[in-house]
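# Tertiary structure, described
Listed below, chain by chain, are the residues.
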Amino acid sequence: MTRRLLTLFCSSAIFIFAGCGGGGTITPPTLIRVAVAPSAATVVVSQTQAFSATVTGTTNQGVNWSVSGSGNGSISASGVYTAPATVPSPATVTVTATSQADSTRSGSATVTVVATASSVTVVVTPTSANVSNFRTQQFTANVTGNANTAVTWEVNNVVGGNQKLGFISTSGLYVAPSGTPTKSDGQGGTITTTVTVKAVSQADSTGNGTATVTVVPDNTKAQSGAITLGTSGSNAHDFKNTANNTITCCGGTLGSLVTRGGTQYILSNNHILARSDGATIGDAIVQPGLIDTTTCTTANTTTVANLSQFFNLETSTVPNIDAAIAQIVSGKVDTTGKIVYLGATVDGNNVPVSAPPQGGSGMAGSVNLAVAKSGRSTGLTCSTIDAINTATSVDYTVNCDGTGTTFTIDYDNQVDILGGDFSGQGDSGSLIVSQSGATPVALLYAGSDSDTVGNPVGAVLNFFKSGANSVTFVGGSAHTVIGCTLPNAPTSAKTVQPSSLSARVMQNATATRDLHAPELMKYPEVQSVGVGPSYDNPNEPAIVFFVTQGEPHTNLPAQVDGIRTRIVEGQLFSVRGVVSAAESVTAEKSAPAP
């Protein structure tokens, strides 16, 4: 079996202190951040747009500019973007400024390339917002330059949004997704990212305005009283001062609660609680982790546990696991084992309540098993098991800043979860459970931009047993993880906008559909074939396939004689065969949000 090198999904930050002498005070440190202005722009083909980058947290203000994809234009070293000679597909591209001081820190802006300048101006308010998972944010759009002030709302260019990005209604009410969106970090791993809410003028689609949404999971926040797990945490000593007045700190997720001999412990990874073998038994475990403080110190954190035992990565024998336990401090941890967002019910704001996993010894994973996790960086995410015999290799470093002893650990028979968006940096230590019963399956520790891996819980619990004292998960009865079916799209987000396409354009699409109808209806999953506007370009028509939800798509064409196609999934549509544009609208309203 091929062994792949994966990235640890802990998280780190570098803080830079101002120099001081003679007993002077230390200036509060600031994380390196890059902000690009303007955050969004519309540029006519072959024209230019100047961008500027503001870098905070370092004296090095230099950035490297780049443009996503090929054929999407170019940008100079000074930040002047030049649009391509023709409108690319898709028409929205990303301009990025990457800090020269720290290549992991960047800021970006979106550019919409248009053929001609629009006389319509759209301004979205607010221009940026932080929204917690499952929560809402109202946006408004001010349209000038046309008597028609109606707009179509999109999330990352998807009309109405979707469950991964969040939904937005026709009135601009945004509902954040269960998990924080991620992107590749360019080095094989994933990091969290923002989404763009856009209001597009229905009078002139080249006129649009945007806002940036940062989805902030509750898992990251500091808690008071007895904490709920699935939250930010770290070893209190997981930081490193360096000679150039910088401090690096790390953190991850305090995953779940286990019990042994009547004593309760927090379960997480070795590289989160025990600093990759560099910790001392008795070390304080704090919430939130140092990574989520403003100073990279224990100020404003709470000691919730003390390190009790860990699998020594460098000296222990196979099967290797990345795990550690820390005995809880009385009154500082919820003793029922609640994990953020893991409940079977929702509160008054339609946010899943915190709840414990199923108590006991967990279960072995199986291929295609639907699973979930609640972690510090990406909140509640849901996917399926892709394999249960994955072999991986992971590089470890004892010091948080990467300057300590390095070593590589090989793992066999690991649980592999499908999808790079299942986790991100900072989710290490999260408990992976089944969606149907919240039953523990694996302990998350590493991943890539295509998958996530975890130690099987059987191996983890077996290591920590002591004589006749077994280790079990603290929890309750089996229950569904309701958050995996949320958020629900606002009703108006599913409303199909009336087509503004000309009769001639729609007639051409209908004629093409009719010409190929016999062959299009031969696909086994297709219940009916209609016509309507394209999702990614509402000014163009599309042939609409109404297909049975859950059935595989048998190579449905992306275009038919140059006419775009799109897919609407549902269980049973009221119309069958070849249907009109009006019937297509009615059928689409009855389907779940795309």
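Heads up: these notes are all about the structure in this document. (Residues numbered from 1 in each chain as written. Predicted model: local features only at pLDDT ≥ 70, side-chain atom pairs only at ≥ 80, totals over all residues. Heavy atoms only, no water.)

## A closer look at the sheet that holds strand 8 (residues 63-67)
Across the sheet, which stays open at both edges, the 4 strands sit in the order 5-12-11-8 with mixed pairing between neighbours. Two strands lie at the open edges of the sheet, namely strand 5 (40-44) and strand 8, each paired on one side alone. In this sheet, neighbouring strand axes are inclined to one another by 25° on average, regardless of whether the strands run parallel or antiparallel. (Pairing = 2+ DSSP bridges. Helix = DSSP H or I, 4+ residues; strand = E, 2+ residues; numbered from the N terminus. Axes fitted to C-alpha atoms, helices over the stretch in contact; angles between N-to-C directions.)

## Considering the pairing of strand 12 (residues 106-114)
Taken across its 9 residues, strand 12 has 7 buried, putting it largely inside the fold. The antiparallel pairing of strand 11 (residues 92-99) with strand 12 creates a hairpin that spans 6 residues between the two strands. (Buried < 20%, exposed > 50% of the residue type's maximum accessible area, 1.4 Å probe, protein only.)

## Here we look at the pairing of strand 35 (residues 379-397)
Direction of pairing for strand 34 (residues 370-375) relative to strand 35: antiparallel, over a ladder of 6 bridges. Note on strand 35: the bridge partner recorded for glycine 375 is glycine 379. Hairpin connection between strand 34 and strand 35: a loop of 3 residues separates the two successive antiparallel strands. Bridging between strand 35 and strand 36 (residues 406-418) involves 9 bridges; their strand directions are antiparallel. When the sheet's bridge partners are listed, tyrosine 396 is paired in strand 36 with phenylalanine 407.

## Examining the sheet that holds strand 10 (residues 80-82)
In spatial order, the strands read 6-10-9; together these 3 strands make up an open sheet with antiparallel pairing. Of all the strands in the sheet, the pair left with one neighbour each is strand 6 (48-50) and strand 9 (74-75). Here strand 6 pairs with strand 10 via 3 bridges, running antiparallel. Within the sheet, the bridge partner assigned to glutamine 49 lies in strand 10 and is tyrosine 81.

## Thoughts on the packing of aromatic side chains
The final tally for this structure, using the stated rule, is 5 aromatic pairs. With centroids separated by 5.3 Å and ring planes inclined at 65°, the aromatic side chains of phenylalanine 134 and tyrosine 341 adopt a geometry described as edge-to-face. Of this pair, phenylalanine 134 sits in the loop between strand 14 (128-132) and strand 15 (136-138) while tyrosine 341 sits in the loop between strand 33 (324-328) and strand 34, and the two are 207 residues apart along the sequence. Tyrosine 341 shares its class with phenylalanine 134; the two are buried. An aromatic cluster of three or more residues is present, and its members are Phe311, Phe463 and Phe464. Above the ring of phenylalanine 422, the side-chain terminus of lysine 373 is found at 5.7 Å from the ring centroid. (Phe/Tyr/Trp six-rings, centres within 6.5 Å; stacked < 30°, edge-to-face > 60°. Lys NZ or Arg CZ within 6 Å of the ring centre and 35° of its normal.)

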